[in-house]
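Reading the structure
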Amino acid sequence: MPVTPVIPTAVVNPRPFLVPVRRGQATPLFMVHSVAGELTWMPHLLEGLEPHRPLYGFAAPGLNSEAPFFASLEAMATAYLRDVRAQQPHGPYLIGGYSMGGVVAFEMARQLEAAGEEIGQLVLIDSFAPHPVHGAKIASWSRNGLLMQVVANQLGLQWQADELLSAEVLRQVPYSQP
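Within any chain, residue numbers begin from 1 and follow the written order of that chain's sequence. The predicted nature of this model means local features are confined to residues of pLDDT at least 70 and side-chain atom pairs, given and counted, to a pLDDT of 80 or more, with totals for whole chains, interfaces and linings taken over all residues. With hydrogens and water excluded, all non-hydrogen atoms of the structure serve as input to the side-chain values.

1. As for the packing of helix α2 (residues 73–87) against helix α3 (residues 100–114)
Their axes nearest at 9 Å, the elements α2 and α3 cross at an angle of 70°. Looking at the two axes, α2 sits roughly perpendicular to α3. Regarding α2 and α3, the two cross each other, and that crossing is right-handed. Residues Leu73, Glu74, Met76, Ala77, Thr78, Tyr80, Leu81, Val84 and Arg85 of α2 pack against Met100, Val103, Val104, Glu107, Met108, Gln111 and Leu112 of α3. Residue polarity is assigned by list, with Asp, Glu, Lys and Arg as charged and Ala, Val, Leu, Ile, Met, Phe, Trp, Tyr, Cys and Pro as nonpolar; anything else, Gly included, falls into the polar class. Partitioned by chemical class, the residues of the contact of α2 with α3 number 11 nonpolar, 2 polar and 3 charged. Here, axes are lines fitted to C-alpha atoms. For helices the fit covers the stretch in contact, and angles between N-to-C directions go from 0 to 180 degrees. Note on conventions: DSSP H or I runs of at least 4 residues are helices, E runs of at least 2 residues are strands, and numbering of each starts at the N terminus. With respect to orientation, any angle under 35 degrees is reported as roughly parallel, any angle over 145 as roughly antiparallel, any angle of 65 to 115 as roughly perpendicular, and every other angle as oblique. Each crossing gets its handedness from the near helix: less than a right angle anticlockwise from the far helix is left-handed, clockwise is right-handed. Working rule for contacts: check all heavy atoms of both residues, and any pair within 4.5 Å makes them a contact.

Take a look at the structure:
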């Protein structure tokens, strides 16, 4: 007589996308994966963060989580925000992303602000900028023009510049809205 295996009832994860990298007591930083969906770069962020800063990543659907794929970038941002708000109900929020994840993070920040929440900081790592009309919004979410400084310095390193852009120099550059 064949034995039928007993398969335990699946436990539903209340936050199917959120992956804790480091827990802590401060306001957490939530980082979105690249288009490849991997999170292998996340532990390297710990070296540059305050030791008490919690860090969370998002598991890409179909690769790192059992959730179905998303129909749109906006749907992905909405789903990830459900997990963020379950972990941290109100802002200010620290949100970022790597590569394509930066665009998702921008949409998350846009949705949070539309809901009346505060964006403490938006961190875009090796990401492309959304439509230029959003430049003022990115600047307001990027403490002391950090985003502009990072992009300028990345280009400077690539082109072997003699010196990099400092925060002091950046503060003197006037920003004009489109």
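There is more to say after this.
2. Focus on the pattern of salt bridges
By convention in these notes, a salt bridge is any Lys or Arg side-chain nitrogen within 4 Å of a carboxyl oxygen on Asp or Glu. The tally for this structure, following the rule as stated, stands at 3 salt bridges. We note a salt bridge from Glu50 to Arg53, for which the minimum N-O separation is 3.3 Å. For the salt bridge of Arg85 with Glu117, the shortest nitrogen-to-oxygen distance reads 2.9 Å. Here Arg85 is found in helix α2, whereas its partner Glu117 is found in the loop between α3 and β5 (119–125), with 32 residues between them in sequence. Glu117 sits in the buried class, given a relative accessible area of 13%. A 1.4 Å probe rolled over the protein chains alone gives each residue an accessible area, and that area as a share of the maximum for its type sets the label: buried under 20%, exposed over 50%, partly exposed in between.

3. Some words on the packing of aromatic side chains
Two rings belonging to Phe, Tyr or Trp (six-membered ring only in the last case) form a pair when the distance between their centres is within 6.5 Å. Interplanar angles under 30 degrees mark stacking, angles over 60 mark edge-to-face geometry, and anything in between is tilted. Using the criterion set out here, one finds 3 aromatic pairs in the structure. Aromatic pair Phe17 and Tyr80: ring centres 5.2 Å apart, planes at 55°, arrangement tilted. In this pair, Phe17 is assigned in the segment before β1 (18–22) and Tyr80 in helix α2, connecting sequence segments 63 residues apart. Both residues of the pair, Phe17 and Tyr80, count as buried. By the ring-pair criterion, three or more aromatic residues cluster together here, those being Phe17, Phe58 and Tyr80.

4. Overview of the pairing of β5
Taken together, the 6 bridges between strand β4 (residues 93–98) and β5 define a ladder with parallel strand orientation. When the sheet's bridge partners are listed, Leu94 is paired in β5 with Gln121. Here is how to tell: hold the view so the strands point away, follow the path from the first strand over the helix to the second, and if it runs clockwise the crossover is right-handed. Each parallel crossover has a hand, and for β4 linked through α3 to β5 it is right-handed. Between any two strands, at least two bridges found by DSSP are needed for them to pair.

5. Considerations on the side chain of Glu117
A distance of 2.9 Å separates the side chain of Glu117 from the backbone nitrogen of Gly91, its partner in a polar contact. Once you skip the residues sitting within four places of it in the chain, Glu117 turns out to touch Arg85, Pro89, His90, Gly91, Tyr93 and Leu112. Polar contacts here mean pairs of N or O atoms no more than 3.5 Å apart (in protein, one a potential hydrogen donor and the other a potential acceptor; neighbouring residues in sequence count only if both atoms are side-chain atoms).

By themselves, these figures tell us nothing about what the structure is for.
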